[in-house]
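One-letter residues, chain by chain:
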Protein chains: 2
Amino acid sequence: MSTRPLPATKAPTMADVARLASVSVPTVSRVLNGNVNVSQSKRERVLDAVKELNFRPSFAARALASARPEAVAVVSGNTSQYGYAETLRGIENTCRREGLSTIISVIDSDEPAEVDRVVSQVLSQPIVGVIVLKFDPPGVAVLDRLVDKLPVVAVSGLRDTRVSQAMLDETRAAEELTGYLLDLGHATVHHVRVPPSRREDGRTTGWRRALRRAGKEVPETLDATWEPASGRAVGRRLAEDDGVTAVFCGNDEIAMGVVRGLNDAGRRVPEDVSVVGFDDHPLSELWAPSLTTVRQDFHGLGSRAVQLLGAEIEDADNVGRLSNERPAVVVRDSAAPPQA
Amino acid sequence: MSTRPLPATKAPTMADVARLASVSVPTVSRVLNGNVNVSQSKRERVLDAVKELNFRPSFAARALASARPEAVAVVSGNTSQYGYAETLRGIENTCRREGLSTIISVIDSDEPAEVDRVVSQVLSQPIVGVIVLKFDPPGVAVLDRLVDKLPVVAVSGLRDTRVSQAMLDETRAAEELTGYLLDLGHATVHHVRVPPSRREDGRTTGWRRALRRAGKEVPETLDATWEPASGRAVGRRLAEDDGVTAVFCGNDEIAMGVVRGLNDAGRRVPEDVSVVGFDDHPLSELWAPSLTTVRQDFHGLGSRAVQLLGAEIEDADNVGRLSNERPAVVVRDSAAPPQA
DNA sequence: ATGAAAGCGCTAACAT
DNA sequence: ATGTTAGCGCTTTCAT
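What you are looking at is a predicted structure, and each value in this text was computed from that prediction instead of being measured.

### Comments concerning the overall build of chain A
Phase 1: From N to C terminus, chain A includes 12 helices and 12 strands.
Phase 2: Relative to the compact-globule value of 20 Å for 340 residues, chain A shows a C-alpha radius of gyration of 26 Å, a clear excess of over 25%.
Phase 3: Its C-alpha atoms give chain A principal-axis dimensions of about 90 × 55 × 40 Å.
Phase 4: The 340 residues of chain A split such that 56% are buried.
Phase 5: Partitioning the contacts of chain A with sequence separation of at least 6, the portion at a separation of at least 24 is 68%.
Phase 6: Within the structure as shown, chain A displays about 14400 Å² of accessible surface, and the carbon and sulfur contribution to it stands at 49%.
Phase 7: The positive charge centre, built from 41 side chains, and the negative charge centre, built from 46, are 6 Å apart in chain A.

Structural data, given as structure tokens:
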């Protein structure tokens, strides 16, 4: 029952299969790689032997001998974050459909040692290319080191001309969302930032642009961390300022925190102040009030990244391509016209 | 700028390094694998050559030649789920500290073809062992196929005697949480289940046990999906029954949905009905009312799984071990004594 | 259609 | 301390 076939009987090799089927090793290889010229009888014997021995080809040996890698590496930051996780799923699904494995390397910080470790790990693997989720500084750092070494596709919200890139046009979406708030009649829109990947996020840029274009005052930005609770503190602070009637948050989780902080201080949403988020987190619709936000198709984003990588590999000139898509504003209940 | 060194110049091999440093290949290998007997001068020449050529050892070749794998495979279901993602992070971090890579295989369904694919992918990799997240049927199916083939550690809430296992004692925790509700004075506690991995979840078992032990009536269970929105529908349904004063939900996201559904129907939480969840999701504290729940240390769970795997590899007798931990009830605002 | 031979890039004996 | 020789498990010529 709970005993184990002692020293984990060594995995069978192709030679074992060949012996059992009384054929040569290359014949086994031919059978397993589908296609070509093998007589029906031998094919069957081989298949039987494979089944009997429960043979699995060694990924390492295959990669080494064929020099034709069949995996793509993905470098990602915090995988618990909703957007990351969904994008990863999109990449994984699409790769699978293309017959590629995905090897995920997680990177937490942009310290040189960490970046080194990840770069090494990626480059030492038999891969066709890399997809870097560069929403954050570690991602950016890794990308910088990988560019021009092998096919790389970046996934992010900001354009980077050195590589092919799958994007969600955060800037335009943020501009649109801010515009929506302004159209509702708000005098200006305050902005709570999530930790930016470079100098400035697309979300912040879009917000600023919308305000400028409308000739509105551009208030100081407030900063949140990735912790939803940090939004709550910001919400309380915001509640102290009567001039605040509309707040655009860097993501939905922060928005939820801000709503809560505002409520703590006795301000109602959306009656006293409108709050909008970004991402369309699965809980946004359930939140009270349900959150007006921007829907981002992260899963599709991952798919597009894989397709870009495929194109780049097929044709080496297919580099520096852009696959862009504008996220859609989702109007729900957390934003309303300002009260007289 | 945006051009690429044409046909991606072939990666340098150890032989290239050896040539450039005027030493033999094994010497390069010795330098790179740390330790032993290499003269200072040669070591330096090798290191310089490595740097100049930007050499990275091939993972495949190394695995093949040394037959000493340095990766662990992780089989996981839906990685967007909070608990999965956190456990994965724990595994990843701990493996990294042990110098192991992690290879993640995602499995969505328990269809035989899918299970086959994942099993093949896992077994063809040069790995020391597998960690299976068996919270759901696909995980269970994979585990069944992998047992006795190589070191396997299961991660879940229910005991499985065939393998080593890192657990969170959901049953006891659920019992405790239900007991807490009963102690508050509720006549009984209703239960909304999340999709179970086997016949019955530990959460459900613990709930039932607590009711039985207190001599209370055991109401019919209600079912939710993994979608938080499904909880909302359940909440509305629950609101129709005046006998419902306390609800234990299979996870926090469902609990949030249930609260919302109850509110939709005009019932207040916790005044009219108490609602508790499970997991201590990052948003639970922010929810209004903040959710009474059970904190699960998923990150630690992942760590423990890796340690178990380590122990099993060191000593083949170290099989079938159990690393258990009881999650802690977190009292917040969504549960209160029944009114009148 | 099939087998023999060579070799992928590395590590592990074995010499010296 | 260092080089030489094998070989990991597979794929790929190249014969036949």
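Moving on from the coordinates now.
### Topic: the protein's contact with DNA strand D
Phase 1: Neighbouring DNA strand D are 27 residues; Met14 and Ser29 of chain A together with Arg30, Asn37 and Ser39 of chain B lie closest to it.
Phase 2: For DNA strand D, the fraction of protein-proximal atoms (within 4 Å) that sit in sugar or phosphate groups is 66%.
Phase 3: The backbone of Met14 of chain A places a nitrogen or oxygen atom 2.4 Å from a phosphate oxygen of DNA strand D.
Phase 4: Leu64 of chain B places a polar main-chain atom, nitrogen or oxygen, 3.4 Å from a base oxygen of DNA strand D.
Phase 5: Those elements that place two or more of their residues in the surface near DNA strand D are helix H2 (25-32) and helix H4 (59-66) of chain A together with helix H2 (25-32) and helix H4 (59-66) of chain B.

### Details of the domain arrangement of chain A
Residues and elements named next belong to chain A.
Phase 1: Along its sequence, chain A is carved into domain 1 (12-65), domain 2 (66-168 + 299-325) and domain 3 (170-296).
Phase 2: Look at where the C-alpha atoms of domain 2 and domain 3 centre, and you get two points 30 Å apart.
Phase 3: Contacts between the two partners involve 12 residues from domain 2 and, on the opposite side, 16 residues from domain 3.
Phase 4: Carbon and sulfur atoms make up 54% of the area that domain 2 and domain 3 hide from each other, which totals about 1100 Å².

### Comments concerning the pairing of strand E2 (residues 101-106) of chain B
Residues and elements named next belong to chain B.
Phase 1: Burial analysis of E2 places 6 of its 6 residues in the buried class, the great majority of the element.
Phase 2: Residues Ser101, Ile103 and Ser105 line one face of E2 and the alternating positions Thr102, Ile104 and Val106 line the opposite face, and both faces are buried.
Phase 3: Where the polypeptide runs from strand E1 (residues 71-76) across helix H5 (residues 82-97) and back to E2, its parallel neighbour, the crossover connection is right-handed.

### Details of the environment of Val115 of chain A
Residue and element names in this part refer to chain A.
Phase 1: Relative to the helices and strands, Val115 resides in helix H6 (residues 112-123).
Phase 2: In the structure, Val115 is positioned 85 residues away from Arg30 in sequence and 41 Å away in space, judged by C-alpha atoms.
Phase 3: Ignoring anything within four residues of it in the chain, the contact list for Val115 reads Ile107, Ser109, Asp110, Ala141, Val142 and Arg145.

### Comments concerning the nonpolar core
Phase 1: Val192, Leu238 and Val275 of chain A together with Val192, Leu238, Val258 and Val275 of chain B are the most contacted members of the largest nonpolar core, which has 46 residues in total.
Phase 2: If you list the elements that add at least two residues to this core, you get helix H10 (228-239), strand E8 (246-249) and helix H11 (252-264) of chain A together with helix H10 (228-239), strand E8 (246-249) and helix H11 (252-264) of chain B.
Phase 3: In contact with Val192 of chain A, not counting residues within four places along its chain, are Leu222, Ala224, Val234, Leu238, Val247, Phe248, Cys249, Gly250, Ile254 and Val258 of chain A.
Phase 4: In terms of nonpolar packing, the next biggest core, distinct from the first, is built from 45 residues, Ala166 and Phe298 of chain A together with Val153 and Leu309 of chain B among them.

### Remarks on the protein's contact with DNA strand C
Phase 1: Residues in close proximity to DNA strand C total 27 residues, the closest being Arg30, Asn37 and Ser39 of chain A together with Met14 and Ser29 of chain B.
Phase 2: In the model, a phosphate oxygen of DNA strand C is placed 2.9 Å from a nitrogen or oxygen of the Ser24 of chain A side chain.
Phase 3: The backbone of Ser58 of chain B places a nitrogen or oxygen atom 3.3 Å from a phosphate oxygen of DNA strand C.
Phase 4: Counting only elements with at least two residues in the surface near DNA strand C, the list comes to H2 and H4 of chain A together with H2 and H4 of chain B.
Phase 5: The class makeup of the residues in the surface near DNA strand C is 12 nonpolar, 9 polar and 6 charged.

### Things to note about the relation of the copies chain B and chain A
One copy of the chain maps onto the second through a rotation around an axis plus a translation along that axis.
Phase 1: When chain B is fitted to chain A, the best match, at an RMSD of 0.1 Å, comes from turning it 180° and sliding it 0.1 Å along the axis. Taken together, the turn and the small shift mark the pair as related by a two-fold rotation axis. Of the C-alpha atoms belonging to chain B, the one lying closest to the rotation axis is found on Ala60 of chain B, 2.2 Å away.
Phase 2: Interface residue correspondence from chain B to chain A reaches 98%, placing this contact among same-surface, isologous pairings.

### Notes on the sheet that holds strand E7 (residues 222-223) of chain B
Residue and element names in this part refer to chain B.
Phase 1: On the basis of which strands lie adjacent, the open sheet formed by 4 strands has the order E7-E6-E8-E9 and parallel pairing. Among the strands making up the open sheet, the edge pair consists of E7 and strand E9 (274-276).
Phase 2: As defined by bridge partners, strand E6 (residues 190-193) adjoins E7 across 2 bridges and the pair is classed as parallel. Looking at the pairing, Val192 lines up with Leu222 of E7.
Phase 3: Strand contacts of helix H8 (residues 170-183): E8 and E9, with the helix running at about 165° to E8, the strand carrying the most contacts.
Phase 4: In this fold helix H9 (residues 202-213) packs onto E6 and E8, with an angle of close to 170° to the strand it touches most, E6.

### Section: the packing of aromatic side chains
Pairs of aromatic rings are described using the distance from one ring centre to the other and the angle between the two planes.
All names here are of chain B.
Phase 1: Inspection of every chain in the model, using the stated rule, returns 7 aromatic pairs over all chains.
Phase 2: An angle of 50° between the planes, with centres 6.0 Å apart, marks the rings of Phe248 and Phe278 as tilted. Note that Phe248 is positioned in strand E8 and Phe278 in the loop between E9 and strand E10 (293-295), a separation of 30 residues in sequence.

### So, the interface of chain B and chain A
Phase 1: Taken together, the 60 residues of chain B in the interface contact 59 residues of chain A.
Phase 2: Summing both partners gives a buried area of about 5000 Å² for chain B against chain A, and 55% of it is carried by carbon and sulfur.
Phase 3: In this structure, the salt-bridge partner of Asp108 of chain B is Arg96 of chain A, at a minimum N-O distance of 3.5 Å.
Phase 4: The interface formed by chain B and chain A holds 13 residue pairs in polar contact (both at pLDDT 80 or more) in total.
Phase 5: When residues of the side of chain B that touches chain A are traced back to their parent elements, those giving at least two are H4, H5, E2, helix H6 (112-123), H10 and H11 of chain B.

Each value, and the rule that gives it
Residues numbered from 1 in each chain as written. Chains lettered and ligands numbered in written order. Predicted model: local features only at pLDDT ≥ 70, side-chain atom pairs only at ≥ 80, totals over all residues. Heavy atoms only, no water. Helix = DSSP H or I, 4+ residues; strand = E, 2+ residues; numbered from the N terminus. Rg over C-alpha atoms; globule rule 2.2 N^0.38 Å. Buried < 20%, exposed > 50% of the residue type's maximum accessible area, 1.4 Å probe, protein only. Contact = heavy atoms within 4.5 Å. Areas by Shrake-Rupley, 256 points an atom, 1.4 Å probe, with all protein chains shown as cover. Lys, Arg positive; Asp, Glu negative; His and termini not counted. Charge placed at Lys NZ, Arg CZ, Asp CG, Glu CD. Near = heavy atom within 4 Å. Polar contact = N/O pair within 3.5 Å; in protein donor to acceptor, adjacent residues only side chain to side chain. Domains from an automatic or database assignment. Buried area = accessible area lost by both parts, 1.4 Å probe. Right-handed = clockwise from strand over helix to strand, strands pointing away. Core = buried A, V, L, I, M, F, W, Y, C linked by side-chain atoms within 4.5 Å. Nonpolar A, V, L, I, M, F, W, Y, C, P; charged D, E, K, R; others polar. Least-squares fit on C-alpha atoms with pLDDT ≥ 70 in both. Pairing = 2+ DSSP bridges. Axes fitted to C-alpha atoms, helices over the stretch in contact; angles between N-to-C directions. Phe/Tyr/Trp six-rings, centres within 6.5 Å; stacked < 30°, edge-to-face > 60°. Salt bridge = Lys/Arg side-chain N within 4 Å of Asp/Glu carboxyl O.

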